[in-house]
Amino acid sequence: MKNTNTSNICDLLERLSTLFRNEVRQAGLSHGLHPVHLEVLFYLNRCNKFSDTPAAVRDFLGTTKGTTSQSITLLENKGYVIKTKDSHDKRVFHLSLTESGKAIAEQTMPPTSLRSALERCTDNENNSLKLQLENLLADMQIETSSTAFGLCQTCIYHLPKSQTLFLCQLTQQTLPKKFGELICREHQIKAVNE
Ligand code: SF4
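Attention now moves to the overall build of the protein chain. When helices and strands are tallied, the protein chain shows seven helices and seven strands. The N-to-C order of helical and strand elements in the protein chain reads α-α-α-α-β-β-α-α-α-β-β-β-β-β. What you see for the protein chain is a C-alpha radius of gyration of 18 Å, in line with the 16 Å of a compact globule of 194 residues. Referenced to the eigenvectors of the C-alpha coordinate spread, the extents of the protein chain come out at roughly 55 × 45 × 30 Å. In the protein chain, which comprises 194 residues, the share counted as buried stands at 27%. Considering only intrachain contacts with a sequence separation of at least 6, the fraction spanning at least 24 residues in the protein chain is 60%. If you average the places of the 22 positive and of the 20 negative side-chain charges in the protein chain, the two averages end up 5 Å apart.

Have a look at this one:
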């Protein structure tokens, strides 16, 4: 039977995402940046070393090759992004943020209104909201077969080894725990409630 709350929840999520996008757009204008430029900065501020190429940016944002490349060039020219050649494969470039690029990403995301609203909630309320959103996202990713680009610590290949290290079973690299808080394009989602 159809859940009667579905359209109410959908309305709420749509309204929240519109407010979210509008606030981010306004923040970007003060730096002469369009939303897509900010999205590149946000992504590069959160992705791991397996996911910092122009192709990964394009796949994450769902933009065309041309749009992604123009955005990266503009951000490079403004001094917010640096391109570095891969040490093993000279055809591959890695992207990273300069100090000023990182400062913009951190000032504008999360938007001030969301940050303030979440700070007014208790830890229990925030934990419960986070869990519900994670489950909703996981369910939708499985339904749409879009399981890549998740938080490393929620990946099936993430195997904690100690208080400070984990093993990525896909790449067989032992990595610091902090790395688990980043976005990875190789991410494979765990089943909901696993
Ligand atoms: S554990 Fe998963 S998300 Fe983390 S680095 Fe390995 S493949 Fe990527």
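Now that the structure is up, let's keep going.
Ranked by internal contacts, the top residues of the largest apolar core, which has 22 residues, are Leu 41, Tyr 43 and Leu 44. If you list the elements that add at least two residues to this core, you get helix H2 (35–46), helix H3 (54–61), helix H4 (65–77), strand E2 (93–97) and helix H5 (99–108). The element contributing the most residues to this core is H2, with six residues. Among residues more than four places away in sequence, those in contact with Leu 41 are Leu 33, Leu 75, Tyr 80, Val 81, Leu 97, Gly 101, Ile 104 and Ala 105. Cys 152, Cys 168, Leu 175 and Phe 179 belong to the second-largest nonpolar core, a separate cluster that totals five residues.

For the rest of this paragraph, the subject is the packing of H2 against H3. Angle between the axes and distance between the axes: these two values describe a pair of packed helices. Closest axis-to-axis distance for the H2/H3 pair is 11 Å, and the angle between their directions is 115 degrees. Remark: the crossing between H2 and H3 carries right-handed chirality. In this structure, H2 contributes Val 36, Glu 39, Val 40, Tyr 43 and Leu 44 to the contact, and H3 contributes Ala 56, Val 57, Phe 60 and Leu 61. Tallied by class, residues from the contact of H2 with H3 come to eight nonpolar, no polar and one charged.

This paragraph deals with the packing of aromatic side chains. Under the counting rule described, the total for this entry stands at five aromatic pairs. Taken together, the aromatic side chains of Tyr 43, Phe 60 and Phe 149 make up a single cluster linked through ring pairs. Positioned above the aromatic ring of Phe 93 is the side chain of Lys 83, whose terminal nitrogen or guanidinium carbon lies 5.4 Å from the ring centre.

Around the ligand, the neighbouring residues are Asn 48, Phe 50, Cys 152, Cys 155, Tyr 157, His 158, Cys 168, Leu 170, Cys 184, Glu 186 and His 187. Taken together, the residues of the shell around the ligand break down into seven nonpolar, three polar and one charged.

To continue, consider a nonpolar patch on the surface. A contiguous nonpolar patch, built from Ile 9, Leu 13, Leu 16, Phe 20, Leu 114, Leu 118, Leu 129, Leu 133, Leu 136 and Met 140 and spanning about 830 Å² of accessible area, is present on the exposed surface. Of all the elements in the fold, those that place two or more residues in the nonpolar patch are helix H1 (6–29), helix H6 (112–119) and helix H7 (123–143). Note on placement: Leu 13 falls in helix H1. For Leu 13, a relative accessible area of 39% gives the class partly exposed.

This paragraph deals with the environment of Arg 58. Inspection of the secondary structure puts Arg 58 in helix H3. By relative accessible area, which is 26% here, Arg 58 ends up partly exposed. In the structure, Arg 58 is positioned 37 residues away from Arg 21 in sequence and 19 Å away in space, judged by C-alpha atoms. What Arg 58 contacts, discounting residues up to four positions off in sequence, is Thr 63, Thr 64, Lys 65 and Thr 68.

A separate point is the pairing of strand E5 (residues 165–168). As defined by bridge partners, strand E4 (residues 158–160) adjoins E5 across three bridges and the pair is classed as antiparallel. Opposite Pro 160, over in E5, you have Phe 166 as the bridge partner. Where E4 folds back onto E5 in an antiparallel hairpin, the turn is made up of four residues. Looking at chain direction, E5 and strand E6 (residues 173–176) are connected through four bridges and run antiparallel. Following the sheet pairing, Leu 167 is matched in E6 by Thr 174.

Cut-offs applied
Residues numbered from 1 in each chain as written. Predicted model: local features only at pLDDT ≥ 70, side-chain atom pairs only at ≥ 80, totals over all residues. Heavy atoms only, no water. Helix = DSSP H or I, 4+ residues; strand = E, 2+ residues; numbered from the N terminus. Rg over C-alpha atoms; globule rule 2.2 N^0.38 Å. Buried < 20%, exposed > 50% of the residue type's maximum accessible area, 1.4 Å probe, protein only. Contact = heavy atoms within 4.5 Å. Lys, Arg positive; Asp, Glu negative; His and termini not counted. Charge placed at Lys NZ, Arg CZ, Asp CG, Glu CD. Core = buried A, V, L, I, M, F, W, Y, C linked by side-chain atoms within 4.5 Å. Axes fitted to C-alpha atoms, helices over the stretch in contact; angles between N-to-C directions. Left-handed = near helix turned anticlockwise from the far one by under 90°. Nonpolar A, V, L, I, M, F, W, Y, C, P; charged D, E, K, R; others polar. Phe/Tyr/Trp six-rings, centres within 6.5 Å; stacked < 30°, edge-to-face > 60°. Lys NZ or Arg CZ within 6 Å of the ring centre and 35° of its normal. Near = heavy atom within 4 Å. Patch = residues over 30% accessible without salt bridge, like charges linked within 9 Å, V, L, I, M, F, W, Y side chains within 5 Å. Areas by Shrake-Rupley, 256 points an atom, 1.4 Å probe, with all protein chains shown as cover. Salt bridge = Lys/Arg side-chain N within 4 Å of Asp/Glu carboxyl O. Pairing = 2+ DSSP bridges.

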